[in-house]
There are 2 protein chains.
Amino acid sequence: MKILLHISFLGTKYCGYQIQPNGITVQQKLNEATRQLFGYDCDIVGCSRTDSGVHANHFCAAVTKKGTDSLDTTIPADKIPFAIACYLPEDISVFKAEVVDGSFHPRYDVKYKEYVYRIWNSPERNPFLYDRTLHYPKHIDDIALNNMNKAASAFVGTHDFSAYMSADTKIKDTVRTVYSAEVIRNGDIVEFKVSANGFLYNMVRIFTGTLLAVAEGKISPDGIEYITEKKDRKNAGITVPPCGLFLNRVVY
Amino acid sequence: MKILLHISFLGTKYCGYQIQPNGITVQQKLNEATRQLFGYDCDIVGCSRTDSGVHANHFCAAVTKKGTDSLDTTIPADKIPFAIACYLPEDISVFKAEVVDGSFHPRYDVKYKEYVYRIWNSPERNPFLYDRTLHYPKHIDDIALNNMNKAASAFVGTHDFSAYMSADTKIKDTVRTVYSAEVIRNGDIVEFKVSANGFLYNMVRIFTGTLLAVAEGKISPDGIEYITEKKDRKNAGITVPPCGLFLNRVVY
């Protein structure tokens with residue numbers, strides 16, 4: 001059997017999900033924990049890369065015995081979350097484990113993923129949220145919020161999103177389909193939520209930077225189509241820091 | 001003028017509020033920040049001690065120039081939160097500053113304080129809450145919650161609370177008045193909120209441990225009066241860890 005782990009993690013201390021030659025990653029911690037739990041090396045295949053400092057409310061990874069497409073264990077799938085917990089650090093949690101088909105691929109079989117970018121929108125700092133939101137002190141009023149939503153709606157659809165991709169990537173196909181994109185306020189927290197069939201490098205962080213430029217009046221909410229069409233990274237907003245970004249949902 | 005700072009802090013990295021010979025404290029960070037901001041040493045008087053790892057949504061501390069009852073500065077009180085921010089670490093925030101009378105005392109003038117103890121009540125761990133809740137995996141059902149509330153209501157009133165005080169304290173007067181005590185559920189978070197004119201050493205953590213013993217059926221909700229009357233620490237529940245405890249409100 002192949003097991004799919006449903007994971008959440010606080011990314012603050014990690015150099016992203018994917019194994020790196022330098023720096024500790026979430027995948028490395030999963031490698032160590034599964035080796036201890038099952039007694040042999042495993043292949044761990046994640047649903048996505050994530051950047052250093054990015055969090056996940058919901059991340060998926062498939063586990064099999066190294067070099068095979070199956071896991072050799074007597075532990076029932078529903079007990080794995082508790083069994084693996086003692087081998088994982090406190091900032092990584094497996095909250096569900098399920099048996100999947102041997103042909104299942106956690107990355108290629110994704111229907112869509114949802115990200116959320118959280119902004120702490122208050123003049124004062126919040127000591128409980130400093131590593132899990134962007135602190136944006138200037139008040140985003142209702143007009144600015146409406147403009148951000150107008151701009152966000154222009155992201156929806158199938159487009160070449162290369163204007164919202166960090167340079168330095170060798171990727172050829174930069175067309176993705178965004179299914180939904182909206183900005184909501186919840187007290188002093190402003191959230192940008194976006195779902196798509198795939199995301200380019202830093203795309204959500206550049207979307208967010210662009211929406212904040214809209215809030216500040218630097219980019220018109222009607223200007224998004226132009227920015228998208230021109231495919232020039234320079235026209236979009238800044239890449240906001242990773243600390244506010246959460247992979248929120250993976251749907252197969 | 002004397003300035004009262006309203007502060008919030010994540011206590012995880014600190015050996016409590018009060019200056020310690022070994023270990024970094026919140027007061028030490030306030031000492032360093034005020035020295036840098038005002039250009040001289042200050043006296044900082046807090047509203048309370050807090051234990052290592054305990055947090056504060058609202059803590060108060062008065063600042064004066066060392067050895068005087070006044071602060072010598074041209075910075076208006078309402079600008080101090082922003083001015084001091086760059087000298088403070090990200091896990092300590094001054095969210096308000098106000099001028100108070102020279103005779104004001106942040107500890108003796110407290111009318112009441114409110115603490116909240118937060119419990120993450122889910123079988124799975126929460127990587128975003130591990131250092132700011134107690135993880136209590138066993139489900140607290142409605143019956144257990146009702147019993148906890150029945151027990152909590154028996155804390156209310158003016159009592160000798162020495163049964164709920166950690167040994168090792170030289171304090172003589174162990175009578176305090178608890179104004180309110182209740183347990184509420186908010187999704188997977190169970191909160192115990194208690195207000196009093198003062199608290200003995202570890203009192204809220206022992207209250208919480210006692211309420212969890214009530215939830216587990218180890219202590220009857222009708223047994224609280226007996227425990228209080230007997231004044232024997234052994235009859236009460238355990239001292240739960242500091243990570244779930246927040247000083248929530250200070251009222252003058």
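Residues numbered from 1 in each chain as written. Chains lettered and ligands numbered in written order. Predicted model: local features only at pLDDT ≥ 70, side-chain atom pairs only at ≥ 80, totals over all residues. Heavy atoms only, no water.

(A) Representation of the nonpolar core within the structure. Residue and element names in this part refer to chain B. Grouped together as the largest cluster of nonpolar side chains are 77 residues, with contacts concentrated most on Ile7, Phe59, Tyr164, Phe192, Val194 and Phe207. It is helix H4 (residues 203-215) that contributes the most residues to this core, nine residues altogether. In contact with Ile7, not counting residues within four places along its chain, are Leu30, Asn57, His58, Phe59, Ala61, Ile92, Ser93, Val94 and Phe95. (Core = buried A, V, L, I, M, F, W, Y, C linked by side-chain atoms within 4.5 Å. Buried < 20%, exposed > 50% of the residue type's maximum accessible area, 1.4 Å probe, protein only. Helix = DSSP H or I, 4+ residues; strand = E, 2+ residues; numbered from the N terminus. Contact = heavy atoms within 4.5 Å.)

(B) How the structure looks around the interface of chain A and chain B. Listed by partner, the interface residues are 25 residues for chain A and 25 residues for chain B. A combined buried area of about 2,100 Å² lies between chain A and chain B, and 57% of that area is made up of carbon and sulfur atoms. On the chain A side of the contact with chain B, Arg125, Phe128 and Tyr130 of chain A bury the most area, a combined 36% of that side's loss. At the junction of chain A with chain B, the criterion picks out zero salt bridges. At the boundary of chain A with chain B, the tally comes to 12 residue pairs in polar contact (both at pLDDT 80 or more). Breaking the side of chain A that touches chain B down by element, the ones donating at least two residues are strand E1 (2-9), strand E3 (55-65), helix H2 (80-85) and strand E4 (92-100) of chain A. Here the element with the most residues in the side of chain A that touches chain B is E4 of chain A; it accounts for four residues. Residue classes in the side of chain A that touches chain B are distributed as 15 nonpolar, four polar and six charged. (Buried area = accessible area lost by both parts, 1.4 Å probe. Salt bridge = Lys/Arg side-chain N within 4 Å of Asp/Glu carboxyl O. Polar contact = N/O pair within 3.5 Å; in protein donor to acceptor, adjacent residues only side chain to side chain. Nonpolar A, V, L, I, M, F, W, Y, C, P; charged D, E, K, R; others polar.)

(C) Molecular detail of the confidence of the model for chain A. Residues with a pLDDT of 70 or more make up 100% of chain A, whose mean pLDDT is 96. Scoring of the predicted complex yields 0.93 for pTM and 0.91 for ipTM. (pLDDT = per-residue confidence, 0-100.)

(D) Structural detail: the pairing of strand E10 (residues 245-251) of chain B. All names here are of chain B. When you tally the buried positions in E10, you get six out of seven residues, the bulk of the element. Judged from the two bridges that link them, strand E3 (residues 55-65) and E10 form a sheet pairing that is parallel. In the strand pairing of E10, Ala56 is matched with Leu247. Note that strand E5 (residues 112-120) and E10 share six bridges and pair antiparallel. Within the sheet, the bridge partner assigned to Val116 lies in E10 and is Phe246. (Pairing = 2+ DSSP bridges.)

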